[in-house]
Amino acid sequence: MTTHKFAEGDGGTAAVPPRRGLPKPLRTLLDTSGLIAIFVILFVALAVFIPGFLTGRNMVGLLLSITLIGTIATTMMMVLALGEVDLSVASIVAFAGVVAAVVTSASGSVLIGVLGGVLAGGAVGAFNGFVVAKFGINSLIATLAAMEFVRGLAYITSRGDAVMITVPEFFDLGSASFLGLTLPVWTMIACFVIFGVLLNMTAFGRNVLATGGNPEAAALAGVNVRRLKIIVFGLQGVVAGIAGVLLTSRMGLGDPNTAMGLELAVISACVLGGVALSGGVATITGVLVGVLIMGCVQNAMGLLNVPTFYQYLVRGGILLLAVMFDRWKQTRRQRA
């Protein structure tokens, strides 16, 4: 048996039979089969031992509960694959929601309010990308600073309090449904499809993975690394803005305190799904399974009425295990 390297985004190296001749989606599925097996075992165990877990109502609620993390994870995957990180997404969600609430109430137009919120998120994301790409500042530090000042902007815009929305049609964004699924769920599904295609089937996705793996080599190959970083961070901001607008519609108000700690949950789901913190490795299938695992664990704790402070312990443990697993995979790839 020979050790073969996978194609970009397929998860590194391992002692497996050659898969070069297989279609990339099938190779990706095979490479994430272990994670899928873990999810299946977890899902079956929860269905057997937790009353009410497998009911239709709970399944719909489970899907709705992961929409915020799942939607943002699709672009966080791109940021991490680029070898960067974005800690400002939770603040962007709050800021975009507040902007959408203020603009909608002031203009009386849902469309203008939604555009205002999404553009606010996109502007913050593009600014993050510009700072990281232009000045070479570590993205951890740059987005940590952005996390603080964007949350401050949310408080300033809302004058320190939740913003009530005076246009009833705005609430339809969070409650509108099709085929039994609400708009936030369909938005998450659309993001997984769009960014899955973008990552696996376009030159843009290959450039992201190549830059994350070796930015110097990517630049020598003709990739405009600076522009790529600005675009990826901009996309992260846009998607976080969309998620913030939808969350505000579901809540019925723009709250500057919302989404605290969201960035850690999103990063946990991505790393749990096999995205390398060092960059260059990511699969949309893995991220989807990571999001589902996080959602199932959270849902189970809710059904069991686990106290909130114990839930923090569990989520922190999952993040630690995900990082340790990522480190183990990096070590294995280096030895291969």
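Before any of the text, the structure's been laid out above.
Notes on the structure follow. (Residues numbered from 1 in each chain as written. Predicted model: local features only at pLDDT ≥ 70, side-chain atom pairs only at ≥ 80, totals over all residues. Heavy atoms only, no water.)

A separate point is the overall build of the protein chain. Helix and strand content of the protein chain: 15 helices and 6 strands. Out of the 336 residues belonging to the protein chain, those deemed buried represent 50%. Considering only contacts within the protein chain whose residues lie at least 6 apart along the sequence, 76% involve residues at least 24 apart. Of the roughly 15400 Å² of accessible surface on the protein chain, a fraction of 70% belongs to carbon and sulfur atoms. (Helix = DSSP H or I, 4+ residues; strand = E, 2+ residues; numbered from the N terminus. Buried < 20%, exposed > 50% of the residue type's maximum accessible area, 1.4 Å probe, protein only. Contact = heavy atoms within 4.5 Å. Areas by Shrake-Rupley, 256 points an atom, 1.4 Å probe, with all protein chains shown as cover.)

Another point: empty space enclosed by the protein. For the coordinates displayed, the defined rule picks out 2 cavities of 30 Å³ or more. Taken as a whole, the largest cavity encloses approximately 70 Å³ of empty space. Thr 67, Leu 68, Thr 71, Pro 184, Ala 243, Leu 246, Leu 247 and Arg 250 together form the lining of the largest cavity. Listed by contribution, the elements that provide at least two residues to the lining of the largest cavity are helix H4 (67-81) and helix H12 (225-251). (1 Å grid on protein atoms, 1.4 Å probe; cavity = no way out; pocket = protein on both sides within 12 Å on 5 of 7 lines; lining within 4 Å. Points joined across faces, edges and corners; volume = space filled by probe spheres on them.)

In this section: the layout of surface pockets. Each pocket or cavity is described by its volume, and for the largest pocket that value is around 810 Å³. Looking at the largest pocket, it is lined by 30 residues, and the ones nearest its centre are Ile 69, Ala 265, Gln 298, Gln 311 and Arg 315. For the lining of the largest pocket, the elements supplying multiple residues, two or more each, are helix H3 (56-65), H4, H12, helix H13 (262-272), helix H14 (284-303) and helix H15 (308-335). Examining the composition of the lining of the largest pocket, we find that 7 residues originate from one element, H14, more than from any other.

This paragraph deals with the nonpolar core. Membership of the largest hydrophobic core comes to 73 residues, with the highest contact counts inside it found for Ile 72, Met 77, Val 93, Leu 262, Val 287 and Val 291. Core analysis: the second largest hydrophobic core is formed by 10 residues, Ala 100, Val 110, Val 167 and Phe 170 among them. (Core = buried A, V, L, I, M, F, W, Y, C linked by side-chain atoms within 4.5 Å.)

All right, on to the environment of Leu 183 then. Mapped onto the elements of the fold, Leu 183 is located in helix H9 (residues 183-201). Sequence separation between Leu 183 and Leu 64 is 119 residues; the distance between their C-alpha atoms is 9.5 Å.

Moving on: the packing of aromatic side chains. According to the stated counting rule, one finds 6 aromatic pairs in the structure shown. Between Phe 309 and Tyr 310 the ring centres are 5.0 Å apart and the planes differ by 50 degrees, which places this aromatic pair in the tilted class. Assessed through its relative accessible area of 46%, Tyr 310 is described here as partly exposed. Positioned above the aromatic ring of Tyr 312 is the side chain of Arg 315, whose terminal nitrogen or guanidinium carbon lies 4.8 Å from the ring centre. (Phe/Tyr/Trp six-rings, centres within 6.5 Å; stacked < 30°, edge-to-face > 60°. Lys NZ or Arg CZ within 6 Å of the ring centre and 35° of its normal.)

Inspection of the secondary structure assignment puts Gly 252 in the loop between H12 and strand S6 (253-254). Gly 252 sits in the buried class, given a relative accessible area of 18%. With 80 residues separating them in the primary sequence, Gly 252 and Asp 172 have C-alpha atoms 10.0 Å apart. Beyond its immediate stretch of four places on either side in the chain, Gly 252 contacts Ile 165 and Phe 171.

What follows is about the pattern of salt bridges. Per the stated rule, a full pass over the model turns up 1 salt bridge. Across the pair Glu 84 and Lys 229 runs a salt bridge, and its minimum N-O distance is 2.9 Å. Of the two residues, Glu 84 sits in the loop between H4 and helix H5 (89-107) while Lys 229 sits in helix H12, which places them 145 residues apart along the sequence. Across this residue pair, the class does not change: Glu 84 and Lys 229 are buried. (Salt bridge = Lys/Arg side-chain N within 4 Å of Asp/Glu carboxyl O.)

What follows deals with helix H2 (residues 33-49). For the α-helix, the turn length of 3.6 residues means that residues three or four positions removed from each other point alike. In a regular helix each residue adds 1.5 Å, so 17 residues correspond to 24 Å; H2 covers 24 Å between its end C-alpha atoms and thus fits that length. Its buried side turned inward, H2 meets H13 and H14. (Expected span 1.5 Å × (residues − 1).)

What follows is about the side chain of Ser 158. Looking at the element boundaries, Ser 158 is found in helix H7 (residues 139-158). For Ser 158, the side chain forms a polar contact with the main-chain oxygen of Asp 161, separated by 3.2 Å. Setting aside chain neighbours within four positions, we find Ser 158 in contact with Val 98, Val 163 and Pro 256. (Polar contact = N/O pair within 3.5 Å; in protein donor to acceptor, adjacent residues only side chain to side chain.)

A word on the packing of H4 against H12. Running from N to C, H4 and H12 point in directions that differ by 175 degrees, and their axes come no closer than 9 Å. In this view, H4 runs roughly antiparallel relative to H12, as classed from their interaxial angle. Counted together, Thr 67, Leu 68, Thr 71, Ile 72, Thr 74, Thr 75, Met 76, Met 78 and Val 79 of H4 and Val 232, Phe 233, Leu 235, Gln 236, Val 239, Ala 240, Ala 243, Leu 247 and Arg 250 of H12 form the full contact between these two elements. Here the residues of the contact of H4 with H12 are counted per class, giving 12 nonpolar, 5 polar and 1 charged. (Axes fitted to C-alpha atoms, helices over the stretch in contact; angles between N-to-C directions. Parallel < 35°, antiparallel > 145°, perpendicular 65-115°, else oblique. Nonpolar A, V, L, I, M, F, W, Y, C, P; charged D, E, K, R; others polar.)

Spanning 20 residues, H7 covers 28 Å between terminal C-alpha atoms, matching the ideal 28 Å at 1.5 Å per step. Near the N-terminus of H7, the side chain that reaches the backbone nitrogen of Leu 140, with its oxygen 2.8 Å away, is that of Asn 138. Positive backbone phi, approximately 60 degrees, marks Arg 159, located one or two places after H7.

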